[in-house]
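Structure at a glance
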Amino acid sequence: MKSLAGHLLIAAPELLTPFFTKTVILMLQHDETGAMGLVINRPTEATVAGISEAVLGESSAWEKVIRLGGPVPGPIVALHTREDLGDAPVIPGLFSTVDAERFRTLVRERPEPSLVVANYSGWGPGQLESEFAEDSWVTLPADLDLVFTDSLDELWEKVVRKSGSRRLYQLLDIKEIPPDPRLN
């Protein structure tokens, strides 16, 4: 099994499960025990400042929007570029943090670029592989520009185009695929 950790999982257009329609998931773990990732293009109305007192026991003025990482209840995760405050590397230059003390430091220091994500997307052993067999997902290696994009409404289409998946192009009714899409 090839691990998809450090890749983006891109929902195929025909994936109509309401929560996962047009999602882009950053995969943090994928092995024989299952898989776990964070949807990165689902902002909520909550901010770090709004939940800080209840979750961290201290106030914060950081108006960072919290993203909804999936339907599975779980910890708040910070994705950032601060190696010294990371619990685990995700891709080169990108780290995840769930540790409470490190998370508090991140909230106090407000590093950018960063994402704050609540909940996660998870799959049991073999579950994600069966969804691949149903053509529900396409993958693309993650990079910092995609993870930290400001264009959340356009992220799904951007990664579909970048993935170069002919099947996705056909489903989107894109007639011509230029050799270098930057020339469009």
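Relevant structure appears above.
Just so you know, these numbers come straight off a predicted model, no measurement behind them.

The number of helices and strands found in the protein is six helices and ten strands. The buried share of the protein, reckoned over its 184 residues, is 45%.

Attention now moves to the side chain of R67. Here R67 shows up in strand β5 (residues 65-68). Discounting residues that sit within four places of it in the chain, R67 has contacts with V39, I40, R42, P43, T44, L115, V116, V117, A118, V147, T149 and L152.

Another aspect to go through is the pattern of salt bridges. If the charged atoms of two oppositely charged side chains come close together, the side chains can form a pair. Using the criterion set out here, one finds eight salt bridges in the structure. R104 serves as the salt-bridge partner of E58, at 4.0 Å between the closest nitrogen and oxygen. Of this pair, E58 sits in the loop between α1 (48-56) and β5 while R104 sits in helix α2 (residues 100-109); the two residues are 46 residues apart in sequence, bridging distant segments of the chain. Since its relative accessible area comes to 23%, E58 is described here as partly exposed. As a salt-bridge pair, K162 and D143 come within 2.9 Å of each other at their nearest N and O atoms. Separated by 19 residues along the polypeptide, K162 in helix α5 (residues 152-163) and D143 in the loop between β10 (137-141) and α4 (144-147) bring together distant segments of the chain.

The subject of this paragraph is the packing of α1 against α2. The N-to-C vectors of α1 and α2 enclose an angle of 145°; their axes lie 12 Å apart at closest approach. As for how α1 packs across α2, the hand of that crossing is left-handed. On α2, the residues touching V48, S52 and L56 of α1 are F103, R104 and V107. Looking at the contact of α1 with α2 residue by residue, the class counts come to four nonpolar, one polar and one charged.

On to the packing of aromatic side chains. The geometry of an aromatic ring pair is captured by two quantities: the separation of the ring centres and the angle between the planes. Taken as a whole, this structure holds four aromatic pairs when the rule is applied. Consider the rings of W123 and W137, whose centres lie 6.2 Å apart with planes at 90°: the pair is edge-to-face. Of this pair, W123 sits in strand β9 (residues 114-123) while W137 sits in strand β10, and the two are 14 residues apart along the sequence. Judged on exposure class, the residue W123 and its partner W137 are both buried.

How each quantity is defined
Residues numbered from 1 in each chain as written. Predicted model: local features only at pLDDT ≥ 70, side-chain atom pairs only at ≥ 80, totals over all residues. Heavy atoms only, no water. Helix = DSSP H or I, 4+ residues; strand = E, 2+ residues; numbered from the N terminus. Buried < 20%, exposed > 50% of the residue type's maximum accessible area, 1.4 Å probe, protein only. Contact = heavy atoms within 4.5 Å. Salt bridge = Lys/Arg side-chain N within 4 Å of Asp/Glu carboxyl O. Axes fitted to C-alpha atoms, helices over the stretch in contact; angles between N-to-C directions. Left-handed = near helix turned anticlockwise from the far one by under 90°. Nonpolar A, V, L, I, M, F, W, Y, C, P; charged D, E, K, R; others polar. Phe/Tyr/Trp six-rings, centres within 6.5 Å; stacked < 30°, edge-to-face > 60°.

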